Amino acid sequence: MTIELDSEQPGLQQQTASILRELAIAGKLGSGHIVVIGTSTSEVAGKRIGTSGAVDVAQQLLAGIREVQTEFGFDTVFQCCEHLNRALVMERALLNRLGLTEVGAVPVPKAGGSMASAAYRSLSEPCLAEHIQAHAGLDIGETMIGMHLCHVAVPFRTTLRYIGEARVTTALTRPKLIGGERAVYRMEEQPDATFCD
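Being a predicted model, the structure only gives us computed values, none of them experimental.

Engineer: When you look at the pattern of salt bridges in this model, what are you seeing that I'm missing?
Structural biologist: Counted according to the given criterion, the structure contains six salt bridges. Among the ionic pairs, Glu 67 bridges to Arg 21, the shortest N-O distance being 3.0 Å. You can see Glu 67 sitting in helix α3 (residues 55–72) and its partner Arg 21 sitting in helix α1 (residues 12–27), a full 46 residues away along the chain. The exposure class assigned to Glu 67 is partly exposed, which follows from its relative accessible area of 35%. Looking at Arg 21, the relative accessible area reads 23%, which means it is partly exposed. Residue Glu 71 is joined to Arg 21 by a salt bridge in which the shortest nitrogen-to-oxygen separation is 2.9 Å. Here Arg 21 lies in helix α1 and Glu 71 lies in helix α3, a separation of 50 residues in the sequence. Via salt bridges that share partners, Arg 21, Glu 67 and Glu 71 belong to a single interconnected network.

See below:
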């Protein structure tokens, strides 16, 4: 299924790259960072999630993701659908580097989703893990990626809010802030003259 867009609008690959690039710049994402991608190709095509998945749509989105990933150097993981318990497709090297536990399945469009299926087949040594704590996320079509983000997730509003017909939600993360009223969170802030004993 190829999505026809208004000639004035950029294509799916360009929309995806634009949104992900904006997120990468805002979050200073690079080597060592992980971005979790959740996608409903059905929603991109203007259908209800889980009803009209399309691998060729996934390929267009994947091309935009790879373009930005290559530019910035971060790692990407792809969330499967609920039928595979939202497991994550990733390169085995990343799984090993993070010490994650592998789970067994091969995503296909009907069990895993079109994007997870396409991503799995594009990797050099693909595997699945059950959980991860990603530094940022791109959710295309409201697929609920929050379970795979580090605490604390912070919504980030990109200039483009849709890819095809799918609403897009993005998030960055930050460390939990600890301390009380005397805590300082930035190096340039100067504490007052009151000291702890």
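Following the structure, the description resumes.
Engineer: Just checking my understanding: could you explain the confidence of the model for the chain for this structure?
Structural biologist: Detailed reading of the predicted coordinates is not advisable wherever pLDDT falls low. Averaged over every residue, the pLDDT of the chain is 91; residues scoring 70 or more account for 91%. Confidence over residues 1–7 falls short of pLDDT 50; this stretch has 16 contacts with residues more than four positions distant or in other chains.

Engineer: What am I meant to see in the side chain of Gln 79 here?
Structural biologist: Tracing the backbone through its elements, the reader meets Gln 79 in strand β2 (residues 75–79). Reaching out from Gln 79, the side chain makes a polar contact with the backbone oxygen of Thr 143 at a distance of 3.1 Å. When near neighbours in sequence (up to four residues on either side) are disregarded, Gln 79 contacts Ile 37, Gly 38, Arg 86, Ala 87, Leu 88, Gly 112, Ala 116, Thr 143, Met 144, Ile 145, Met 147 and His 148.

Engineer: Sorry, what's going on with the packing of aromatic side chains here?
Structural biologist: The description of an aromatic ring pair rests on the distance of the ring centres and on the angle between the ring planes. Here the structure, examined in full by the defined rule, presents one aromatic pair. Look at Phe 72 and Phe 74: their rings are 6.4 Å apart centre to centre, the planes differ by 25 degrees, and that puts the pair in the stacked class. Of the residues examined, Phe 72 reaches a relative accessible area of 23% and is grouped as partly exposed. The exposure class of Phe 74 is buried, given its relative accessible area of 2%.

Engineer: Explanation requested: the side chain of Ser 114 in the structure shown.
Structural biologist: If you trace the backbone, Ser 114 turns up in helix α5 (residues 114–122). Residues within four places of Ser 114 in sequence aside, it is in contact with Thr 41, Gly 53, Ala 54, Val 55, Ala 58 and Pro 109.

Engineer: Could you clarify how one ought to interpret α5 in this entry?
Structural biologist: In an α-helix, one full turn covers 3.6 residues, which means residues spaced three or four apart are oriented alike. Across the nine residues that make up α5, a large majority, seven, are buried. Looking only at α5, the buried set comprises Ser 114, Met 115, Ala 116, Ser 117, Ala 118, Ala 119 and Tyr 120. Where α5 is buried, its residues touch β1 (34–39), α2 (41–44), α3, β2, β3 (88–91) and β5 (126–129).

Engineer: Which parts of the structure should I look at to understand the environment of Leu 84?
Structural biologist: Relative to the helices and strands, Leu 84 is located in the loop between β2 and β3. Put simply, Leu 84 and Leu 98 are 14 residues apart on the chain and 21 Å apart in space, counted from C-alpha to C-alpha. The contacts of Leu 84, once residues within four sequence positions are left out, are Ala 105, Pro 107, Ala 111 and Gly 112.

Engineer: It is not clear to me how the layout of surface pockets should be interpreted in this structure. Could you clarify?
Structural biologist: Take a probe with the size of a water molecule and roll it over the atoms, and the empty space left behind shows itself. Computed from the structure, the largest pocket encloses a volume of approximately 480 Å³. Considering the residues around the largest pocket, the lining is formed by 23 residues, among which Ile 49, Gly 50, Cys 81, Pro 109 and Gly 113 are closest to the centre. Among the secondary structure elements, those contributing two or more residues to the lining of the largest pocket are α2 and α5. Broken down by element, the lining of the largest pocket gets its largest block of residues, three residues, from α5.

Quick notes on the rules
- Residues numbered from 1 in each chain as written.
- Predicted model: local features only at pLDDT ≥ 70, side-chain atom pairs only at ≥ 80, totals over all residues.
- Heavy atoms only, no water.
- Salt bridge = Lys/Arg side-chain N within 4 Å of Asp/Glu carboxyl O.
- Helix = DSSP H or I, 4+ residues; strand = E, 2+ residues; numbered from the N terminus.
- Buried < 20%, exposed > 50% of the residue type's maximum accessible area, 1.4 Å probe, protein only.
- pLDDT = per-residue confidence, 0-100.
- Contact = heavy atoms within 4.5 Å.
- Polar contact = N/O pair within 3.5 Å; in protein donor to acceptor, adjacent residues only side chain to side chain.
- Phe/Tyr/Trp six-rings, centres within 6.5 Å; stacked < 30°, edge-to-face > 60°.
- 1 Å grid on protein atoms, 1.4 Å probe; cavity = no way out; pocket = protein on both sides within 12 Å on 5 of 7 lines; lining within 4 Å.
- Points joined across faces, edges and corners; volume = space filled by probe spheres on them.

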